[in-house]
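# Structural overview
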Amino acid sequence: MKPSPSYLTLNRHKTFYFRIVIPPTLRALFKRQREVRRTLRTDSYRLALKRARQYAARYEAAFDKVMSVVERDELGLTEADYLEMLELFPDFSSPKDTSQPAEPVLSNEEIEARLRRREVGRLLTGAYARPIPSEHEALAKQLLALSQPYLATELQAVLPRL
């Protein structure tokens, strides 16, 4: 088997990581950081190699763009201008999905109510993802009222007896 490329590393949990050394002239832009390290979220060598090659191409292209500006420095850029260039280096490891709105933060009571409703739904339908049928809604409300003294974590054992 061929040796792994230098930008592909394996941690002790058998997960592959991508790493690339930041050129010394650009380290000031990265708070003196020496390298960029990103998880590839896989234990498959072939998939890790494919993802790492994509990261390497992206980072090398971004480094080249910034290096060409830094080397010329004919514009007399300030530190703030260089910090704006950091936007060329997005976090490729976890792309943000903006198509769906983020869920609002729930209070502890709302979380508890959802857990209770979920357990009652599982008891009545046999699965967590199924909605409670309208003919069982009255029974569901009665079970929710009877289960109030119990913790939500105890409901799986308690609800069948109720």
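Residues numbered from 1 in each chain as written. Predicted model: local features only at pLDDT ≥ 70, side-chain atom pairs only at ≥ 80, totals over all residues. Heavy atoms only, no water.

## Observations regarding the sheet that holds strand 1 (residues 8-10)
To be explicit about the condition: If DSSP finds at least two bridges between two strands, the strands pair. Strands here mean DSSP runs of E at least two residues long; helices mean DSSP runs of H or I at least four residues long; both are numbered from the N terminus. Lines fitted to C-alpha atoms define the axes here, with helix axes fitted over just the stretch in contact, and angles between the N-to-C directions of these axes take values from 0 to 180 degrees.
One open sheet holds the three strands; their spatial order is 1-2-3, and the pairing between them is antiparallel. Lying at the two open borders of the sheet, with one neighbouring strand each, are strand 1 and strand 3 (35-39). Put simply, the sheet's adjacent strands are angled 30° from each other on average, direction ignored.

## Describing the side chain of Glu119
Applied cut-off: Here the term buried applies to any residue with accessible area under 20% of the maximum for its type, exposed to any over 50%, and partly exposed to those in between, with areas from a 1.4 Å probe on protein chains only. Contacts were defined at the residue level, with two residues in contact if any of their heavy atoms lie within 4.5 Å.
Structurally, the position occupied by Glu119 is in helix 3 (residues 108-125). Glu119 sits in the buried class, given a relative accessible area of 10%. Not counting residues up to four positions away in its chain, the partners in contact with Glu119 are Tyr128, Leu155, Gln156 and Leu159.

## Some remarks on the side chain of Ser147
Stated precisely, the cut-off is as follows: Contacts described as polar in this section are N or O atom pairs within 3.5 Å, which, within protein, must combine one atom able to donate a hydrogen with one able to accept it, while residues neighboring in sequence count only if both atoms come from side chains.
By the element assignment, Ser147 lies in the loop between helix 4 (137-146) and helix 5 (155-158). Reaching out from Ser147, the side chain makes a polar contact with the backbone oxygen of Leu144 at a distance of 3.1 Å.

## Quick notes on the nonpolar core
Inclusion rule: In this text, buried Ala, Val, Leu, Ile, Met, Phe, Trp, Tyr and Cys residues form a nonpolar core when linked through side-chain atoms within 4.5 Å.
By size, the foremost hydrophobic cluster in this structure holds 19 residues, and its most contacted members are Leu8, Phe18, Leu26, Leu40, Tyr59 and Phe63. Elements that contribute at least two residues to this core include exactly strand 2 (16-21) and helix 1 (45-72). Ranked by the residues each element gives to this core, the list is headed by helix 1, at nine residues. In terms of nonpolar packing, the next biggest core, distinct from the first, is built from seven residues, Val120, Ile132, Ala140 and Leu155 among them.

## Quick look at the pattern of salt bridges
Pairing between side chains becomes possible if they bear opposite charge and their charged atoms approach one another. Heads up, the condition is: Each reported salt bridge corresponds to a side-chain nitrogen of Lys or Arg within 4 Å of a carboxyl oxygen of Asp or Glu.
Per the stated rule, a full pass over the model turns up four salt bridges. Here Arg19 ties to Glu35 by a salt bridge, and the two come within 2.7 Å at their closest N and O atoms. Taken as a pair, Arg19 in strand 2 and Glu35 in strand 3 lie far apart in primary sequence, 16 residues in all. The partly exposed category is assigned to Arg19, whose relative accessible area is 24%. Overall, the relative accessible area of 26% leaves Glu35 in the partly exposed class. As a salt-bridge pair, Glu119 and Arg122 come within 3.3 Å of each other at their nearest N and O atoms. Taken together, the residues Glu119 and Arg122, both in helix 3 and three residues apart, mark about one turn of the helix.

## Some details on the confidence of the model for the protein
Should the pLDDT be low somewhere, the predicted coordinates at that spot are not to be read in detail. Rule in force here: The quantity known as pLDDT measures the predictor's confidence residue by residue, on a range of 0 to 100.
Chain-level statistics for the protein give a pLDDT mean of 80 and a share of 78% at 70 or above. Averaged pLDDT values over the elements of the protein bottom out at 67 in helix 2 (residues 79-85) and peak at 94 in strand 2.

## Overview of helix 4
The condition that has to hold: As used here, the arc is the angular range of directions from the helix axis to the C-beta atoms.
Burial in helix 4 covers these residues: Ala140, Leu143 and Leu144. Projected down its long axis, helix 4 shows its buried positions confined to an angular sector of 100°, all on one face. Counted as exposed and oriented over 90 degrees from the buried face of helix 4: Ala138, Lys141 and Ala145. Those residues of helix 4 that are buried are in contact with helix 3.

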